[in-house]
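Descriptive structure summary
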Amino acid sequence: MNATAAAVVGREAELDAIDAFLAERSALPAALAIDGPAGAGKSTLWQAAVDRATEAGFIVLACRPAGAEAQLSYAALADLLEDHLEAVLPSLPAPQRRALEVALLLENDDAAKPDQRAISAGTLSAIRALARERPVAIAIDDAQWLDPPSADAITFALRRLRDAPVAALTAWRVTSPSVPAASPPPGRAGLERAFERAPIRIDVGPLSLGALNRLLRTRTSLEFNRRTLQRIHETSGGNPFYALELARAMESAPDGASTEPLALGSSLTDLLAERLHGLTDATRDALFVAAALSQSRLDRIAAALGGTEEATASRLAPAAKAGILRVAEGAVEFAHPLFAAAAYAALSPEDRRRWHAHIADTALDSETRARHAALATSGPDANAAALLHAAAADALARGAPGVAAELFLAALERRPAAADRVERALWILEAGPVIQSNGALDQARSLVESAIEDLPHGPDRSEGLRLLGELLESEPDGFQRSLDAVEQAIEEAGSDARRRAAALLDREMMERPQGRLDLALPIARRALAAAEESGDLFLQAHGQVRVADLETLLGLAGDDPIPRFARAEELDRQVHVDAENSAPVMLSVCLIRMGRLDEARTRLLDGKRRASAEGDERGHQQICLFLAELEWLAGNWDAAATYAAEGLEIAEQAGLRLREGSTTGLVALVQASRGDADLARATAERGIAISDEVGDVGYGRYTRQILAFLDLSLGDAAAAARSLDSYAIGHAIEGPKRIAFIGDAIEALVQLGDIERAATLTDELAARGAHIHRPPMTAAADRCRALVLAARGDTAGAIAAAEAAIAVHDRLRLPFEAARSRLVLGEVQRRAKQRKAARETLDQAIAGFEALGARLWVDRARAEQARIGGRTTIEGLSETELRVAQLVAEGRSNKEVAAALFVSVRAVEANLSRIYAKLGIESRTELARRF
């Protein structure tokens, strides 16, 4: 038994639960949470778990954050990874390695400004690298004090360690283990939802009377009678820390050995203060500094006290002897957080401010310096405000936007009222985007509006108006107000080319959702010209990719968009643009629209690797969506399903609710294509509900079109037309989505007899496809034209149009579209009495659908083939009887056979009776044996 376990009294059941958790390696990854009130012994149990994990062969990453660290960015993460960074950093992708080095203050590179996603991805990669060697235990004591950036990075990593042998061991302070906190500590919900398996909880409740007796005999020199023990137990509530403090108060009393107990009415606070009372002022000052510092190390305490480490250790020695803290290998650790709280409270407010000023003067990092400078003052203070502002900028540069937002707000609060209003406004412009990204939209908007009022006309005011426009855009009725703000921003930018370019880029993006691409292009060109004038490569990269994308969308790039994107790709290699907006990814989308899938795939996979290495979840998720669409078109439906599932998982994990609806629609598309009708319908309806909830009108309509595709696949043109509402039918040609369902709308209209409307849409589709150089669109128009011409009786023209569609679909290797076009050709050939050609064409269509697993379309093609007359088949069965027999032999019910052949159940029953008679059999089992 290790030393920690030996020190655990009365917790045998809890130790057994820890042992069982660590022994169940096959259940990893998994989490164990130790809950208990202050003083209950949860930290002792946590240490026992750490020791046992080490003995069991785990690599233990441990940290013990304190209350003072809760606001210091990445303090806990630094402690967690410290002992292993040298081993794992060289193996990380360069973006992740640089991000961790800057965030953890291993490097001070002003040029490298990591964002939190790269830091989180680096944390994930580091843990995975260690887990490849041995199981890993991530152990966090007093996890309620985790600083938010560390909590975010750790949670990000844990959510993605789905198959890694990782155990999370956390201890949490709660008011009562049996009553959940009304508002759990920051980070707890994320940590506990990280693994699919719910965490195992150990509730550290009160000690029994017998266990308390053993504890007191072990830790004190007194003998207590039962009545005294009962009163200590009752007063402490079975809390071991409280009980020990009460017992020690009795032990230090003159009559401590008496069989009669002392009065136990004193509060715990009084007892803790009494423990400190006997110490010298010098020791109490040293204890205060230790309690106030986020990293309680002897050298930092000595620096704040203005003495040597040896002298500081001597000042702390009486407290160590009294059991208040421990000093070991340069680290200073309070025996319990309550001692730290008591040491902090023991000094007067004036003395606290004095020592906070000393700590600020000797701090090594800007955050510590700023926080203690603020605590050294009691109101507005220009110096404290300036230090907080500088610390916010440093936190942002280290990839801790949440901490930066809090520091920016503190800096604004500490600014004296008489200070320069323009300078305050400029601080707000710097803080606004960070406060916005932290979710405080109303607060950010209010601050930005006040800043705009204080700023003179010119470029700075332009920046404020741009930011206001972005904040207003998220409001339900904010589009017009946002538009007005951005228009003013363009005017205010004046001769400042950089600000003008940024405002014009914002303005261009406001035209796209409205479908006004012809208006967006000249704005994008103006933005690019301003960006080039400014010399800002980042803005040039955005401008180049926007212009190239719009020119391609509008057909100005000819049949090859790659030259248009050449400059954008060159700039993309020089500056860092988010993956989803990068030139290779945007070019890939254009190539998908043109049917050049192999070229698009290569670029998208490169972008996916980059986004993964940088922890760019938004880019990673968006690229998964593009890849799912691409592989669906390419007929690789297993790959499409995998990418859609991956994208959906990222959206759910990262809280990208807007993306959940669109990706759920893609999942439904693959299910519908495979013929999983009920599942696809339920999935699509879930996607529509999500899109409606978040106000994503475009993808809500897109997913409704997937329902229409499903209805069309089932042969229900009327239901398809209902799903393809007037917007979808009237505007799908101009729609922004990469998989167009306009062909489904036209096919539904033909089946419903609305030939003129179908013909008009077909002409529009063909003209649009030719104008913007979209072979898949022109091929879809040819197939639709075949349907329209056949309905008008022009079979020769219909056959020619269908053959033209097949030629393009085959050349572009779009197998599902090619099989659909062959189905149309076979239907027209049958109507033209070209029976042999129709059979051969439909055989090819069936083979194409079967290779994809498109069951509903296999049934449609076979039903069409069954309509070809002129011959009987084996055993004397007609084509229709043969098809019924085949489907029944496969195990389908009469209802399923009727749906597959588009006939009534009664017709199936009649055919089945004739089949039984012709074959001389009496049951479905016999029929199955014959086939």
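Higher on the page you've got the structure.
Residues numbered from 1 in each chain as written. Predicted model: local features only at pLDDT ≥ 70, side-chain atom pairs only at ≥ 80, totals over all residues. Heavy atoms only, no water.

Helix and strand content of the protein chain: 49 helices and 7 strands. Scored against the burial criterion, the 931 residues of the protein chain give a buried share of 55%. Long-range pairs, those at least 24 residues apart, make up 67% of the contacts in the protein chain between residues at least 6 apart in sequence. Taken as a whole, the protein chain presents about 39,200 Å² of accessible surface, with 50% of it coming from carbon and sulfur. (Helix = DSSP H or I, 4+ residues; strand = E, 2+ residues; numbered from the N terminus. Buried < 20%, exposed > 50% of the residue type's maximum accessible area, 1.4 Å probe, protein only. Contact = heavy atoms within 4.5 Å. Areas by Shrake-Rupley, 256 points an atom, 1.4 Å probe, with all protein chains shown as cover.)

A word on the nonpolar core. Among the nonpolar cores identified, the biggest contains 92 residues, and Leu61, Leu77, Val136, Ile138, Leu158 and Val166 are the most heavily contacted of them. No other element matches the 9 residues that helix α7 (residues 116–131) contributes to this core. Leaving out residues up to four positions away in the same chain, Val136 has contacts with Phe58, Ile59, Leu61, Ile127, Leu130, Ala131, Pro165, Val166 and Ala167. Counting 67 residues, the second largest nonpolar core, distinct from the first, contains Leu587, Ala600, Ala628 and Phe741. (Core = buried A, V, L, I, M, F, W, Y, C linked by side-chain atoms within 4.5 Å.)

If you trace the 5 strands from one edge of the open sheet to the other, you get β2-β3-β4-β1-β5, paired in parallel fashion. Single-partner strands in this sheet number two, and they are β2 (59–63) and β5 (200–203). Adjacent strand axes in the sheet meet at a mean angle of 15° when their direction is disregarded. In terms of strand pairing, strand β1 (residues 30–36) meets β5 through 4 bridges, oriented parallel. Across the sheet, the residue bridging to Ile34 is Ile202, located in β5. Contacts from α7 reach β2, β3 (136–140) and β4 (166–173), with the element oriented near 130° to β3. (Pairing = 2+ DSSP bridges. Axes fitted to C-alpha atoms, helices over the stretch in contact; angles between N-to-C directions.)

For the rest of this paragraph, the subject is the packing of helix α28 (residues 537–553) against helix α29 (residues 562–574). The relative placement of two packed helices comes down to the angle between their axes together with the axis-to-axis distance. Close contact between α28 and α29 brings their axes to 8 Å; oriented N to C, the two are set at 155°. As judged from the angle between their axes, α28 and α29 are roughly antiparallel. As for the relative orientation of α28 and α29, their crossing is left-handed in sense. When α28 is examined against α29, the residues Leu537, Gln540, Ala541, Gln544, Val545, Ala548, Asp549, Glu551 and Thr552 are found in contact with a partner set consisting of Arg564, Phe565, Arg567, Ala568, Leu571 and Gln574. (Parallel < 35°, antiparallel > 145°, perpendicular 65-115°, else oblique. Left-handed = near helix turned anticlockwise from the far one by under 90°.)

Following the criterion strictly, the structure yields 2 cavities of 30 Å³ or more and no others. Approximately 70 Å³ is the volume found for the largest cavity. For the largest cavity, the full set of lining residues is Ala31, Leu32, Ala33, Leu158, Ala168, Thr170, Trp172, Leu191, Glu192 and Pro199. Put simply, the parts of the chain that give the lining of the largest cavity at least two residues each are β1, β4 and α9 (188–192). A class-by-class count of the residues in the lining of the largest cavity yields 8 nonpolar, 1 polar and 1 charged. Taken as a whole, the second largest cavity spans an internal volume of roughly 30 Å³. Listed by contribution, the elements that provide at least two residues to the lining of the second largest cavity are α28 and α29. (1 Å grid on protein atoms, 1.4 Å probe; cavity = no way out; pocket = protein on both sides within 12 Å on 5 of 7 lines; lining within 4 Å. Points joined across faces, edges and corners; volume = space filled by probe spheres on them. Nonpolar A, V, L, I, M, F, W, Y, C, P; charged D, E, K, R; others polar.)

Most of β4 sits inside the fold, with 7 of its 8 residues counted as buried. Sheet topology note: the β1/β4 ladder contains 7 bridges and is parallel. Of the residues in β4, the one forming a bridge with Ala33 is Thr170. Direction of pairing for β3 relative to β4: parallel, over a ladder of 5 bridges. Within the sheet, the bridge partner assigned to Ala139 lies in β4 and is Leu169.

Looking at the element boundaries, Glu864 is found in helix α45 (residues 855–866). For Glu864, a relative accessible area of 6% translates into the label buried. Sequence separation between Glu864 and Glu827 is 37 residues; the distance between their C-alpha atoms is 6.7 Å. In contact with Glu864, not counting residues within four places along its chain, are Leu823, Glu827, Arg830 and Leu842.

Let's shift gears to the packing of helix α24 (residues 459–473) against helix α26 (residues 497–511). It is at 10 Å that the axes of α24 and α26 come closest, and there the two elements cross at 20°. Taken together, the axis directions place α24 and α26 in an arrangement best described as roughly parallel. You can see that α24 and α26 cross each other, and the crossing is left-handed. Of the residues in α26, those in contact with Pro459, Asp460, Ser462, Glu463 and Arg466 of α24 are Arg499, Ala502, Ala503 and Asp506. Across the contact of α24 with α26, the residue classes tally to 3 nonpolar, 1 polar and 5 charged.

All right, on to the packing of aromatic side chains then. Counted under the stated rule, the structure contains 10 aromatic pairs. Arranged with centres 5.4 Å apart and planes meeting at 65°, the rings of Trp637 and Phe816 form a pair that is edge-to-face. Of the two residues, Trp637 is situated in helix α33 (residues 637–653) and Phe816 in helix α43 (residues 815–831); the sequence distance between them amounts to 179 residues. Residue classification places Trp637 among the buried positions, given a relative accessible area of 2%. Phe816 sits in the buried class, given a relative accessible area of 1%. Residues Phe849 and Trp857 carry aromatic rings whose centres are separated by 5.8 Å and whose planes lie at 35° to one another, so their mutual orientation is tilted. Through pairs of rings, three or more aromatic residues link up here, namely Trp632, Trp637, Phe709, Phe816, Phe849 and Trp857. Directly above the ring of Phe156 sits Arg160, whose terminal nitrogen or CZ lies 3.8 Å from the centroid. (Phe/Tyr/Trp six-rings, centres within 6.5 Å; stacked < 30°, edge-to-face > 60°. Lys NZ or Arg CZ within 6 Å of the ring centre and 35° of its normal.)

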